[in-house]
Amino acid sequence: MSSRGELKKMSKKDLDWENLGFEYHETDKRYIANYKNGEWGEGKLISDPNVVINESAAVLQYCQQVFEGLKAYTTKDGSVVTFRPDLNAKRMLNSAEGLQMPPFPEERFLEAVDQVVKANLDWVPPYGTGASLYLRPFIFGTKDVIAIKPAEEFQFRLYATPVGPYFKGGVNPLILRVSKYDRAAPRGTGQLKAGLNYAMSLNTTVEAHEEGYDENLFLDAATRTYVEESGGANIIFITEDKELVTPKSSSILPSITKRSILYLAENYLDLKVTERPVKLEEVKDFAEAGLCGTAAVISPVGKIVNGDQEIIFPSGMDAMGPIIKKLYETLTQMQLGVLEAPAGWIRKIK
């Protein structure tokens, strides 16, 4: 029997796929590999979702941890695919090196993704439900430490969970507030996908939600003049003359989704694309805005609040602006196999 036939025969879990939240569901299998004596050991799939480590493990004491996020989709023809996982592998290499951790080899990363998806096929949401299988690879220090120094032993782990949209409103425009706190220091770790960066934003995220905002918008820490990103996604803007502008800064996490959007904007929508420092004071002149990332995909922004100032984009609070909508449709249709994606963007699970 062909592998594609095997994929089609899998019986899906009994979940309300169209109403899934962005939350954890324990699935059947996950992948682990341990680093000891200067090398990564052989990886394997396991059933146990629990991690047992020493109380003085480096991840608990000094937050020595990096992670990634990517998704698997059921396409229109019934195949199961992942989207540009090679870029996640490369970004994790960079993050690991930035925190003095052993990088997990790119080819092994891709093999682990394939194995976890294939072992959890009946957790991959059906085509057309708007849900996907979220994959979380991460590396953390397992060796006990007291002195402030890198661990000598680590674990790479990858699990899967079916998810719905990251923002509860789906494609409804979001309201952001300019945070009074900073996300990342200049010449710090903001460009790394490390848990410590996200922990720093938890207080202001909870505060924003309590005040009725969907997300924070962070400014550069040095001058608080330039827009950087939100707590969990990069931001893009569309000008009145249909130019895509996105902030450029060494402390912004390089989003794989944003990188894909910039390529599609330039090569499929024939838009001018510019990465440059973006002053907060010029945001009021833009026509559309959107948050982009693996979890968010592209979520339109309708309003940004900065103290007493409100910036309401011409695209409004009722629907996506026309350019953001076209980018969203192009990207998601490629991920779902409706449109042919550029070579190398789609990795089929066989």
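Residues numbered from 1 in each chain as written. Predicted model: local features only at pLDDT ≥ 70, side-chain atom pairs only at ≥ 80, totals over all residues. Heavy atoms only, no water.

## Digging into the pattern of salt bridges
- Scanning all chains against the criterion turns up twelve salt bridges.
- Here Arg 91 ties to Glu 68 by a salt bridge, and the two come within 2.7 Å at their closest N and O atoms. Of this pair, Arg 91 sits in helix α3 (residues 85-98) while Glu 68 sits in the loop between β4 (65-67) and β5 (70-74), and the two are 23 residues apart along the sequence. The two residues Arg 91 and Glu 68 agree in class, both being buried.
- For Glu 282, the salt bridge is made with Arg 276, and the minimal N-O distance between the two is 2.9 Å.
- By relative accessible area, Arg 276 is classed as partly exposed at 26%.
- Several salt bridges share partner residues, and in doing so they unite Arg 177, Lys 180, Glu 207 and Glu 211 into one network. (Salt bridge = Lys/Arg side-chain N within 4 Å of Asp/Glu carboxyl O. Helix = DSSP H or I, 4+ residues; strand = E, 2+ residues; numbered from the N terminus. Buried < 20%, exposed > 50% of the residue type's maximum accessible area, 1.4 Å probe, protein only.)

## Some points on the packing of aromatic side chains
- On inspection of all chains with the given rule, the structure shows 16 aromatic pairs.
- An aromatic cluster is defined as three or more aromatic residues linked by ring pairs; in this entry it consists of Tyr 31, Tyr 35, Trp 40, Phe 104, Phe 109, Phe 154 and Phe 156. (Phe/Tyr/Trp six-rings, centres within 6.5 Å; stacked < 30°, edge-to-face > 60°.)

## Things to note about helix α8 (residues 322-335)
- Taking 1.5 Å per residue as the helical rise, α8 with its 14 residues ought to reach 20 Å, and the 20 Å between its terminal C-alpha atoms agrees with that figure.
- Within α8, burial applies to Ile 323, Ile 324, Leu 327, Thr 330, Leu 331, Thr 332, Met 334 and Gln 335.
- Looking one or two places after α8, you find Gly 337, whose phi comes out positive at around 80 degrees. (Expected span 1.5 Å × (residues − 1).)

## With respect to the pairing of strand β17 (residues 309-312)
- In terms of strand pairing, strand β16 (residues 297-306) meets β17 through four bridges, oriented antiparallel. Bridging across to β17, Val 305 finds its partner in Glu 310.
- Counted between consecutive antiparallel strands, the loop separating β16 from β17 contains two residues, among which Gly 307 sits at a positive phi close to 65 degrees. (Pairing = 2+ DSSP bridges.)

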